[in-house]
Amino acid sequence: MDLAEALEFSQYASRLRAAQPELFAAVTAALGAPFVVTKDDAATLQRAADPAVLGLSLRKLRQRVFLGTLLRDLTGRADLLEVCATMTRLADIAISVAVAAHHRWLAEAHGNPIGAESGAAQKLIVVGMGKLGGGELNASSDIDLVFVYPEAGTTDGAKPIANQEFFERLGRKVIATLDEATAEGFVFRVDMRLRPYGDGGPLCSSFVALESYLIAQGRTWERYAWLKARALTGEQDGALERLIAPFVFRKYLDYDAYGGLREVHRQIRGQGRRKDYASNIKLGPGGIREIEFIVQALQLVRGGREPALRPRGTLPALAALAARGLLPSAAVAELGHAYVFLRDVEHRLQYRDDAQTHELPADAEPRSALARACGFADAKTFATALGRHREAVDRHFDALFGDADDKDEDAFAALCRDPVDGVSHGALLEDAGFADPTALLAQLTRVRNSTRYLQLPSVSRQRFDALLPQLLRVAAKTGQPQQVFLRLLALLETISGRSAYLALLVEHPPVLPRLAHLLSASAWAAEYLTRHPILLDELLDSGALLTEPDWQDWRAELAIQLAAHGDDPERQIDALRHFQQAQTFRLLAQDLDSRLSIERLADHLSALADIVLEATLKQCWAQLQGRDARPPQFAIIGYGKLGGKELGYASDLDLVFLYDDIDEAAPQRYARLAQRLNTAVTSMTGAGRLYDTDLRLRPDGASGLLVSSVTAFRSYQRGHAWTWEHQALTRARFIAGDPAIGAAFEVERETILRLPRDLTKLRTDVLTMRQKMYAAHPNRSALFDLKHDRGGMVDIEFAVQFLVLAHAHAERELTRNVGNIALLGMCAQLGLVPSAVALATAEAYREYRRLQHQVRLQGAREARVEAEPQTARREAVSALWAEIFGNAWAEGPAEIG
C-alpha cells in the first residue's frame, strides 16, 4: 500500500492532513525511520509552565507519533514489534513526564510526601498493566494503570497533607492530563479498574494496603492481570516487584491455579460464543485474548519455579514456553503467526478512525478496504486467512485443559464412593483382573476412614475422590492390577496434603496411564516418585520424558536454573536437587521403556553426577570466597561405580578430594570447601538429598585428612598405600574442579598402575582382600548374590584388577579406565587369558549387571536371584579365576553348589 492508498484508508490521517498540513509534511518527510520519542522530547515536555501547556504538548507529540507510526505500518515500513514498541515508549514518556510535572506543582503547595517509618521522600509508582506492562501497546489503545506508593506519612510543606491524599490528587491530575478529550484529542484513554477493589476502591494504595489486598482478596484473574505489571515511575520498583511476585507466582509448580484459570477459561469461552462477539477479533472465538490466556495460564502455573517463563510480552513469553518444550512446536508456530496477524488487523481497524475498536466492519466497502490494508486482494481472501488463524487459536484454546471436565459416573466411581465388600463390587474388581478384591476394598475403606483423608480441605477431598476410580481404571489395564493400584494409592495418599499435585493429576488425565506404566514396571520407581512427587510434572510431556539427554544441554539447563536463584544459596541447593531428580526420573522412564542399555544408562547417570558435582563445587566455592574469586585449585576424584562410569540409580559416590596450592592457608581453606561440598551433596532438605557419599578411599581412609595435596597423595600412593588401594585406582578418574589437578592425577594414576610388582605378593594381597569382602557379606539364603558370592561380579572385578596391576607395566593400554568388559577383551588380545574364557566372563558380567539392575528396580536391598540359572556363568568366572589364581578358590569362598 502506498501513501495515497494509506490516506484513503485512514480517515484519521486524512483529517489530520487537512487540519495540520505542516505536521503532515514533517511526518511524511521522516517516514524513512521509526518515530522515536527521544530524551529531548521528554526534556521539552518537562519544561512546561503549567498543566495546560503540558497537556497541549503531549497531545501534539501523540499526533506526530501516531500519524507517523500509522503511515509507516500501512506502507509496509514498520512491523508489529516496531508499532508496539513505539506506542509503548510514547505512553512511558507521557506518564513519566505527567507524574513528574504534577508532583512538582503539588509539592509547591504542600511539600513532598515523606514516609512515616523511613523518613524518606516518597514518589508515586505508576504501574502499567496489560499491554502497556507487556510492552505491546495497541496503536489506539487505552492504558490500564494502578497507582501505588511505598508508605504512609505526610508532606513536609507549609500546608501538609497525608501522603494518601497527595498521591490521590496527583493521580487525578495525571489522568486528566492524559485522558481528557480536547480540540487536539487525547493522549491516552486511562482505565483504572484493575486497582484493588476496582472502581469502588481508593485511587492509590500504599505497599502495605496493596499487599494486604492481594493476600486477602486477590483472585485468579488478578494474578493473570498482575503478571504483566511493570513500574513506569518511582524509585522502588524492585520492592514493588518483590511484593507482587509471590502473589502472581507460587514457589513451586502451581497446578492449584487450574481451578481459577478454568473458570476464567469458561468465562472467555462463554463470552466468545455470544453472537455479538463473533466479529470481535479480540474477544470473539479464536481472538487475541485466547492467545494471551493460553500463554499466561502456562506462565502462572510454572513461572514460580522457572523464572525464565516470566517475560511480560506475549511473543517473548510464547518463545520462552517453546524453548522449555511446554507447547508443541506446531502449536507455538500457529499461535505466534495468528497473534501477529490478529494484532496487525487490530491496528488497521484502529487506524481507520483512531478508535479503540476490535470489530470487523459489517459493510462490504469498509471490509474490502480493511482487506487491502492487510495486504489481500479482496475481502474473501482476507476472510479465509482470518478464519484459518482464528480456527487454529480456537482449537488450541479448547485443548488447554483437555477433557478434565468429564465427570461421567461409572461403576468404579460408585465403588470408590462406597467401598463396601459387596458381591457386585467384588465381581467388578475380579472381572477387571484384581487379584484380591476383598483386600482391595478393605484398603479403600481404610483410606476413606483415615484421619489424613477426613482432614483434607474440601477441594482436595473432591480431587482425591475423583482420582480413585481413574486409578482403578488405569491399573486394570496393566499386567498386575492389584499391585499397581496399591502403589498408585500409596502415592495418592502421600501427595494428598499438597492440593497442587492432586490438581495436576485431575487436570491432565493422560498422565495417569504413564504413571501406571512406570509403577507397574518398578517398585523402586514407585518409591522414588512417592519421595519426590514434584516429579509428576515430568510426566506431562512424554516427548521430553523419553528423549535421550544431551550432556551439554544438561549443563546449560542447570546453569539457567541456578542463575535464576543467584542471590539465594538455599534455593540454589534445592534447584540442584530438583534438577538431579528430574533428570534421574527421565532416565528411569526411558529405562523402563527399554530405550537404554544398561551401559548407556550408567553412562548417563555417571555424567549426571559429574555435572551436579561440578555445579555444586562452583556454588560452594562462591559461598566461601565470593562470586568473583578465582577458581579453586581443587579437584574431585571419583572412584568405584562413579569412577568406572557404572553408576546406578541409588549408588553411593566414592570421592577423594585433592588440591595443589602452596599458600599456607590452603589446607584449611580446601578442607572447609570439601566439608561444605560433602554437606551440600549429602544433607537432607525439603527437596531431598543429592547423593550419599563414601570418603573412605582417601589416603589413610576414615582417619586421614578430608582433603590431600597432590604431593601428599603422590607420596602416599607410592610409599604407604595398600594393594587394594591400587586396585581402586583402576576405576578412578577426574570428575570436576581444576583440570590441571585432574591431569596431574591421571599421570600419577597411570604411574602407580604401571609399577612393576611381585606377582606372588600381589596374588596373595588380592586373594586376602577378596576373602575379607566375602566374609563381610555372608549369604545364608539359597539364592545367588550377584555381587558378592563366588562366581559373581566382585570376583570378575578382582580378577581384572589383578591383571591390570600385574601387566600394566608392560602393556600401557591396560591403564585405560574403560570398564571391566573392555579390559577383559584387551587381556584376551594380549594373550593374558584365553579368548574363550575372557568372552564368557564378559558375557557373564554383562548379564549380572542386567539382572542386578532388574532386581534393584523392584526395590530389593540385595541383588539376589535363583542360583540354578546362573550356574554356567559362575563356571565361566571360575574358569577365569583358575587361569589367574590356580586353585586359590579352595582357600577362599566355598565351592559352587
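Residues numbered from 1 in each chain as written. Predicted model: local features only at pLDDT ≥ 70, side-chain atom pairs only at ≥ 80, totals over all residues. Heavy atoms only, no water.

A.B. asks: Describe the overall build of the protein, listing the residues and the values that go with them.
C.D. replies: In terms of helices and strands, the protein carries 40 helices and 14 strands. Along the three orthogonal principal directions, the C-alpha set of the protein runs to about 110 × 80 × 60 Å. By the burial criterion, 54% of the 897 residues in the protein qualify as buried. Look at the contacts in the protein between residues 6 or more apart in sequence, and 73% of them connect residues 24 or more apart. Counting only carbon and sulfur atoms, one obtains 52% of the accessible surface of the protein, whose full area is about 38100 Å². If you average the places of the 104 positive and of the 114 negative side-chain charges in the protein, the two averages end up 1 Å apart. (Helix = DSSP H or I, 4+ residues; strand = E, 2+ residues; numbered from the N terminus. Buried < 20%, exposed > 50% of the residue type's maximum accessible area, 1.4 Å probe, protein only. Contact = heavy atoms within 4.5 Å. Areas by Shrake-Rupley, 256 points an atom, 1.4 Å probe, with all protein chains shown as cover. Lys, Arg positive; Asp, Glu negative; His and termini not counted. Charge placed at Lys NZ, Arg CZ, Asp CG, Glu CD.)

A.B. asks: Describe in detail unusual backbone geometry, supporting the description with residues and values.
C.D. replies: Notably, Ser 594 is not glycine yet its phi reads approximately 60°, a positive angle. By relative accessible area, which is 68% here, Ser 594 ends up exposed. Located in the positive-phi region is Asp 700, a residue other than glycine, with phi close to 65°. Turning to its location among the elements, Asp 700 is positioned in the loop between strand 10 (693-694) and strand 11 (707-709).

A.B. asks: Tell me what's going on with the nonpolar core, and back it up with residues and numbers.
C.D. replies: Counting 123 residues, the largest nonpolar core has Ile 143, Leu 145 and Trp 226 as its most contacted members. Among the elements that take part in this core, helix 6 (residues 80-110) stands out by supplying 15 residues, more than any other. Setting aside its immediate chain neighbours within four residues, Leu 145 contacts Ile 95, Val 126, Val 127, Gly 128, Leu 132, Val 190, Asp 191, Met 192 and Leu 232. Leu 456, Leu 588, Leu 596 and Leu 857 belong to the second largest nonpolar core, which has 95 residues in total. (Core = buried A, V, L, I, M, F, W, Y, C linked by side-chain atoms within 4.5 Å.)

A.B. asks: Please set out the pattern of salt bridges residue by residue, giving values where relevant.
C.D. replies: For the coordinates displayed, the defined rule picks out 47 salt bridges. Residue Lys 641 is joined to Glu 646 by a salt bridge in which the shortest nitrogen-to-oxygen separation is 3.7 Å. The class of Glu 646 is buried, set by a relative accessible area of 8%. Of the charged contacts, one joins Arg 669 and Asp 663 as a salt bridge, the two residues approaching to 3.1 Å between their closest N and O atoms. (Salt bridge = Lys/Arg side-chain N within 4 Å of Asp/Glu carboxyl O.)

A.B. asks: Kindly report on the packing of aromatic side chains, identifying the contributing residues and their values.
C.D. replies: Within a pair of aromatic rings, the relevant descriptors are the distance that separates the centres and the angle that separates the planes. Tallying each qualifying case throughout the model produces 22 aromatic pairs. With a centroid separation of 5.1 Å and an interplanar angle of 75°, the aromatic rings of Tyr 12 and Phe 66 are classed as edge-to-face. One end of the pair, Tyr 12, is in helix 2 (residues 11-19); the other, Phe 66, is in helix 5 (residues 51-74), with 54 residues separating them in the sequence. Take Phe 66: its relative accessible area is 0%, and that puts it in the buried class. Linked through ring pairs, Trp 621, Phe 634, Phe 657, Tyr 659 and Tyr 670 together constitute an aromatic cluster. (Phe/Tyr/Trp six-rings, centres within 6.5 Å; stacked < 30°, edge-to-face > 60°.)

A.B. asks: Tell me about helix 36 (residues 759-776), and please be specific about residues and values.
C.D. replies: Note: α-helices contain 3.6 residues per turn, so residues at a spacing of three or four share the same orientation. Taking 1.5 Å per residue as the helical rise, helix 36 with its 18 residues ought to reach 26 Å, and the 26 Å between its terminal C-alpha atoms agrees with that figure. Within helix 36, burial applies to Leu 762, Val 766, Met 769 and Arg 770. Along helix 36, the residues classed as buried sweep out an arc of 105° about the axis, all on the same side. Opposite the buried face of helix 36, by more than 90 degrees, sit the exposed residues Thr 760, Lys 772 and Ala 775. If you follow the buried residues of helix 36, they end up packed against helix 34 (723-729), helix 37 (793-807) and helix 40 (871-885). (Expected span 1.5 Å × (residues − 1). Arc of directions from axis to C-beta.)

A.B. asks: Can you break down the packing of helix 19 (residues 423-431) against helix 20 (residues 437-449) residue by residue, with the values?
C.D. replies: Look at helix 19 against helix 20: their axes get within 9 Å of each other, and the N-to-C directions meet at 115°. Classified by the angle between their axes, helix 19 and helix 20 sit roughly perpendicular to one another. For the element pair helix 19 and helix 20, the recorded crossing hand is right-handed. Residues His 425, Gly 426, Leu 429 and Glu 430 of helix 19 touch helix 20, and the partners they reach there are Pro 437, Leu 440 and Leu 441. Partitioning the contact of helix 19 with helix 20 into residue classes produces four nonpolar, two polar and one charged. (Axes fitted to C-alpha atoms, helices over the stretch in contact; angles between N-to-C directions. Parallel < 35°, antiparallel > 145°, perpendicular 65-115°, else oblique. Left-handed = near helix turned anticlockwise from the far one by under 90°. Nonpolar A, V, L, I, M, F, W, Y, C, P; charged D, E, K, R; others polar.)

A.B. asks: Which residues make up the packing of helix 13 (residues 288-302) against helix 15 (residues 329-351), and what values go with them?
C.D. replies: Interhelical geometry of helix 13 versus helix 15 gives an angle of 140° and a closest axis separation of 9 Å. Accordingly, the angle class assigned to the pair helix 13 and helix 15 is oblique. With respect to the hand of their crossing, helix 13 and helix 15 are arranged in left-handed fashion. Here Ile 288, Ile 291, Glu 292 and Ile 294 of helix 13 come into contact with helix 15, specifically with Leu 335, Ala 338, Tyr 339, Leu 342, Arg 343 and Glu 346.

A.B. asks: Break down the environment of Arg 446 for me, citing the residues and quoting the values.
C.D. replies: If you trace the backbone, Arg 446 turns up in helix 20. Once the C-alpha coordinates of Arg 446 and Glu 391 are considered, the two residues, 55 residues apart in sequence, prove to be 49 Å apart.

A.B. asks: Break down the side chain of Thr 233 for me, with residues and values.
C.D. replies: Within the fold, Thr 233 resides in the loop between strand 7 (230-231) and helix 11 (237-248). With a relative accessible area of 10%, Thr 233 lands in the buried category. A polar contact is formed between the side chain of Thr 233 and the backbone oxygen of Leu 124, at a distance of 2.8 Å. A distance of 2.9 Å separates a polar atom in the side chain of Thr 233 from the backbone nitrogen of Val 126. With near-sequence residues (within four places) excluded, Thr 233 lies in contact with Ile 95, Ser 96, Val 99, Leu 124, Ile 125 and Val 126. (Polar contact = N/O pair within 3.5 Å; in protein donor to acceptor, adjacent residues only side chain to side chain.)

A.B. asks: With reference to specific residues and values, describe the confidence of the model for the protein.
C.D. replies: Detailed reading of the predicted coordinates is not advisable wherever pLDDT is low. Per-residue confidence for the protein averages 91 on the pLDDT scale, and 96% of its residues sit at or above 70. Long-range and interchain partners of residues 403-409, a stretch whose pLDDT sits below 50, account for nine contacts in this model, where long-range means more than four residues apart. Note that pLDDT drops below 50 for residues 890-897; the model gives that stretch 13 contacts with residues more than four away or on any other chain. (pLDDT = per-residue confidence, 0-100.)

A.B. asks: If you had to explain the pairing of strand 9 (residues 653-659) to someone new, which residues and values would you point to?
C.D. replies: The element strand 9 is largely enclosed, with a buried count of seven among its seven residues. The alternating pattern of strand 9 places Leu 653, Leu 655, Phe 657 and Tyr 659 and Asp 654, Val 656 and Leu 658 on opposite faces, both of which are buried. The pairing of strand 9 with strand 10 spans two bridges and is parallel. Among the inter-strand pairings, Asp 654 is bridged to a residue of strand 10, identified as Asp 694. The handedness of the strand 9 to strand 10 crossover, carried by helix 32 (residues 666-682), is right-handed. When strand 9 meets strand 11, the two strands line up parallel, connected through three bridges. Residue Tyr 659 lies in a different strand from strand 11, and its bridge partner there is Ser 709. (Pairing = 2+ DSSP bridges. Right-handed = clockwise from strand over helix to strand, strands pointing away.)

A.B. asks: Help me get a handle on the environment of Pro 569, residues and values and all.
C.D. replies: Assignment of secondary structure puts Pro 569 in helix 29 (residues 569-592). Taking relative accessible area as the criterion, Pro 569 reaches 39% and is therefore assigned partly exposed. In this structure, the C-alpha to C-alpha distance between Pro 569 and Gln 619, residues 50 residues apart in sequence, is 7.8 Å.

A.B. asks: Describe helix 22 (residues 458-476), naming the residues involved and giving the relevant values.
C.D. replies: For helix 22, built from 19 residues, the straight-helix expectation of 27 Å at 1.5 Å per residue is met to within 8% by its first-to-last C-alpha distance of 28 Å. For helix 22, the set of buried residues is Ser 460, Arg 463, Phe 464, Leu 467, Leu 468, Pro 469, Gln 470, Leu 471, Leu 472, Val 474 and Ala 475.

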